[in-house]
Structures are given as structure tokens and as C-alpha cells.
Amino acid sequence: MPTDPDAVPHEKPRPDEDRSNPSRRQFLRSAALFTGTALALGGGLELLTRRPGAVSSEEAPELARPARPLGPYDTSEPVTPYAQATTYNNFYELGVSKDDPARNASALRVRPWTVEIDGEVQKPVTVDIDQLQSWFPLEDRIYRMRCVEGWSMVMPWLGFPLAALLRRVQPTGEARFVKFTAVNDPQDLPGQQEAILDWPYVEGLRLDEAMHPLTFMAMGLDGKVLLPQSGAPLRLAVPWKYGFKSIKSIVRITLTASQPETTWSRAAPDEYGFYANVNPAVPHPRWSQATERRIGELRRRDTLPFNGYAEQVAGLYRGMDLRRFY
Ligand SMILES: Nc1nc2c(c(=O)[nH]1)N[C@H]1C(S)=C(S)[C@@H](COP(=O)(O)O)O[C@H]1N2
Ligand SMILES: [Mo]
């Protein structure tokens with residue numbers, strides 16, 4: 001058993017990567033300049049959209065927003081430095097090493113981008129990402145993020161509650177779950193040229209989890225438009241669940257009557273369940289979940305039930321055996 005889960009990726013063994021083609025594509029992409037456009041947002045905010053793949057972390061466009069006091073859902077813990085949050089990532093479509101997603105970022109084309117919302121809804125829609133963003137004022141949320149590998153961060157997201165989007169499309173009486181599908185572009189995404197996982201990456205939530213006010217759709221981080229490695233242009237942030245639930249680069253949201261299959265529970269059903277609520281009392285089969293290392297810190301700290309959000313979310317699971325529904 002590994003002594004430092006941080007050092008052990010949570011996937012099974014993988015084939016060697018062929019980096020020759022991806023790096024050539026990356027070079028060609030980076031060479032192409034992207035013209036910026038400004039667009040007005042509801043709530044009087046202004047967002048500068050450029051293709052984030054074409055900019056370095058330091059130059060990511062700022063999302064102007066008013067300074068504000070901490071809200072009821074924010075942690076007051078120190079935020080993980082942006083340089084670390086954008087260079088230490090899990091995003092297997094862009095490679096399996098922690099620094100692969102940043103290095104291969106330009107392989108992800110984030111415009112044009114459409115999101116399809118379908119299934120058990122009265123108003124299905126396929127919408128351009130910039131239009132989708134204009135529907136909702138951007139909010140800040142400073143959330144803890146705990147990866148099942150045993151490391152954690154504090155992420156200052158910008159985005160909107162998933163509930164606002166779901167209300168807009170009006171779930172039918174049959175809707176019980178929400179399925180999310182990530183980008184599928186094996187031509188361009190180096191990780192999708194490998195059989196690391198079944199592509200595209202899919203995730204799911206129960207409808208009441210999806211409607212919870214903590215469940216957030218992020219489009220920005222630390223005042224800037226999301227970089228590809230963070231899941232641009234649209235990702236989920238569910239702070240009381242292990243990080244793999246927070247699917248990146250979403251292209252489709254489908255409301256369903258039955259529980260959807262999810263990528264990690266399909267890959268290793270004994271290791272990853274559908275719920276994946278952070279639970280220090282239930283070890284992963286190959287390592288303990290009792291403690292974690294906050295990125296930027298040396299000493300490990302205790303992991304909290306529901307990642308510290310028990311007060312807000314434990315009620316969703318009343319009467320459920322959380323060892324069985326892991
Ligand atoms: N599409 C997609 N989403 C994904 C992943 C992935 O490989 N592909 N990795 C997940 C895992 S395991 C974690 S811990 C978080 C990491 O988010 P971060 O890199 O922004 O910290 O993204 C999650 N979302
Ligand atoms: Mo993770």
C-alpha cells in the first residue's frame with residue numbers, strides 16, 4: 001500500500017503515451033492567434049473571452065467583478081495559489097501526469113462550444129457557451145476540493161448554481177438524475193488517443209444533489225476565465241464529493257429517470273462508487289481516506305466528512321448506508 005497516496009494516481013496501469021503527434025498539434029495551435037471579443041454579461045459584469053488555450057496562465061483574461069464579503073458557502077481558508085491550481089491537474093483527456101493538462105492545454109479547443117441539455121426536461125436546448133453564460137450572473141464560490149488520491153486545494157470559482165440552469169429547462173416529473181458528458185475529440189486530445197478510460201468522460205448526480213445550492217457550474221477561477229486544464233469552458237464543482245465527480249469541459253447535460261453510468265465506477269466499480277461523497281471513515285481499497293495533503297502545505301491534515309460540508313449536505317443522505325453507497 002502506498003504511504004503517500006498523493007504520489008499514486010487513481011487509475012489503473014496505462015500504456016505509454018505517444019507524445020509526438022500531440023506536441024506537433026499543440027505547436028500548430030499555439031501558433032494560431034485568437035482574436036479577443038468582449039461581451040456584456042447580465043449583472044453588469046464584463047467578461048473578456050479569448051481562447052484560453054492561446055494564453056499562458058499569467059495572461060489569462062480577468063473577469064471583472066465587484067469585491068464582496070465571504071458568502072455563506074465560502075471557506076475562509078487560504079486559496080491555493082493560481083500557479084499551482086493550474087499546473088497540478090487531473091484531466092486525463094489532456095494526459096495522465098499532473099503537469100500534462102497545462103502542457104497540452106492548447107489541444108482543447110474551447111470556442112466554438114455548444115452545450116446540449118436534453119432528456120427528461122420540458123425545454124431541451126442546445127446553446128452556445130457564451131449565450132449560456134449570459135443567462136446567469138457570475139457568482140464567486142471559494143470551495144475546498146478533495147481528490148480521492150489524497151490531496152486537496154481551495155479553489156475560488158466563478159460561475160452559477162447548476163440549479164439555476166436546471167430550473168430554466170424545467171425537469172419533467174420523470175427526472176431523477178443528471179448525467180454529464182465531457183468533450184469528445186480524439187483527433188485533438190492526446191489522452192483520448194489512449195485507452196486510459198472509456199471516452200467520453202461521463203459523470204452523474206442525483207437530481208436533489210444537482211439542485212443543491214452548493215452544486216456549481218464553474219466558468220472561471222481566481223477572477224479569470226477557466227484555462228483548458230481547469231476544465232474550460234464549463235465544469236462542475238461539487239465540493240462535498242471526491243474531485244472526479246467534478247467533470248470538466250462539459251458538452252452535454254442529460255436528465256434521466258435512472259442512475260447513469262459514470263466513468264470511474266465503470267472502470268473500477270470496487271474502487272469508485274456513484275456517490276463518491278468524501279468520507280474519511282471509508283478507505284479506498286488501496287489507500288486510506290483519513291487524511292489529505294493541501295497543495296502548498298507539507299503536513300497532512302484530517303479529512304472531514306463530506307469534505308467539511310456535512311452541515312449543508314448530510315441531510316441528502318439520511319437513512320442511507322454510506323458504506324454501501326460509497
Ligand atoms: N473531463 C474530465 N473531468 C475531470 C477529470 C478528467 O480526467 N476528465 N478528472 C477529475 C479529477 S480525478 C479531479 S481530482 C478533478 C481535478 O480538478 P482540477 O485539476 O481543476 O483540480 O477534475 C475531475 N474532472
Ligand atoms: Mo481526482
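Residues numbered from 1 in each chain as written. Chains lettered and ligands numbered in written order. Predicted model: local features only at pLDDT ≥ 70, side-chain atom pairs only at ≥ 80, totals over all residues. Heavy atoms only, no water.

Here we take up helix α5 (residues 162–169). Within α5, the full set of buried residues consists of Leu 162, Ala 163, Leu 165, Leu 166 and Val 169. For α5, the angular spread of buried residues about the axis comes to 160°, placing them on one side. Looking one or two residues beyond α5, the residue adopting positive phi is Gln 170, at roughly 55°. (Buried < 20%, exposed > 50% of the residue type's maximum accessible area, 1.4 Å probe, protein only. Helix = DSSP H or I, 4+ residues; strand = E, 2+ residues; numbered from the N terminus. Arc of directions from axis to C-beta.)

As a matter of local geometry, ligand 1 sits amid 18 residues, with Asn 89, Tyr 92, Glu 93, Arg 235 and Lys 248 nearest to it. One of the backbone N or O atoms of Asn 90 is found 3.3 Å from a nitrogen atom in ligand 1. One of the side-chain N or O atoms of Glu 93 is found 2.8 Å from a nitrogen atom in ligand 1. For ligand 1, the protein covers 99% of the area, taking 540 Å² as the surface of the free molecule. Residue composition of the shell around ligand 1, by class: 10 nonpolar, five polar and three charged. (Near = heavy atom within 4 Å. Polar contact = N/O pair within 3.5 Å; in protein donor to acceptor, adjacent residues only side chain to side chain. Areas by Shrake-Rupley, 256 points an atom, 1.4 Å probe, with all protein chains shown as cover. Nonpolar A, V, L, I, M, F, W, Y, C, P; charged D, E, K, R; others polar.)

So, about the UniProt feature "binding site: Mo-molybdopterin" (unreviewed entry) in the protein chain. Mapped onto the present numbering, the UniProt feature "binding site: Mo-molybdopterin" (unreviewed entry) falls on Asn 89, Tyr 92, Glu 93, Cys 147, Arg 235, Ser 246, Ile 247 and Lys 248. Within the secondary structure, Tyr 92 is located in the loop between α2 (82–85) and α3 (100–103). With residues up to four places along the chain from it excluded, the contact list for Lys 248 reads Asn 89, Asn 90, Phe 91, Ala 182, Gln 229, Ser 230, Gly 231, Leu 234 and Arg 235. For Lys 248, the side chain forms a polar contact with the main-chain oxygen of Asn 90, separated by 2.8 Å. (UniProt positions renumbered as here; feature names shortened; annotations may be inferred. Contact = heavy atoms within 4.5 Å.)

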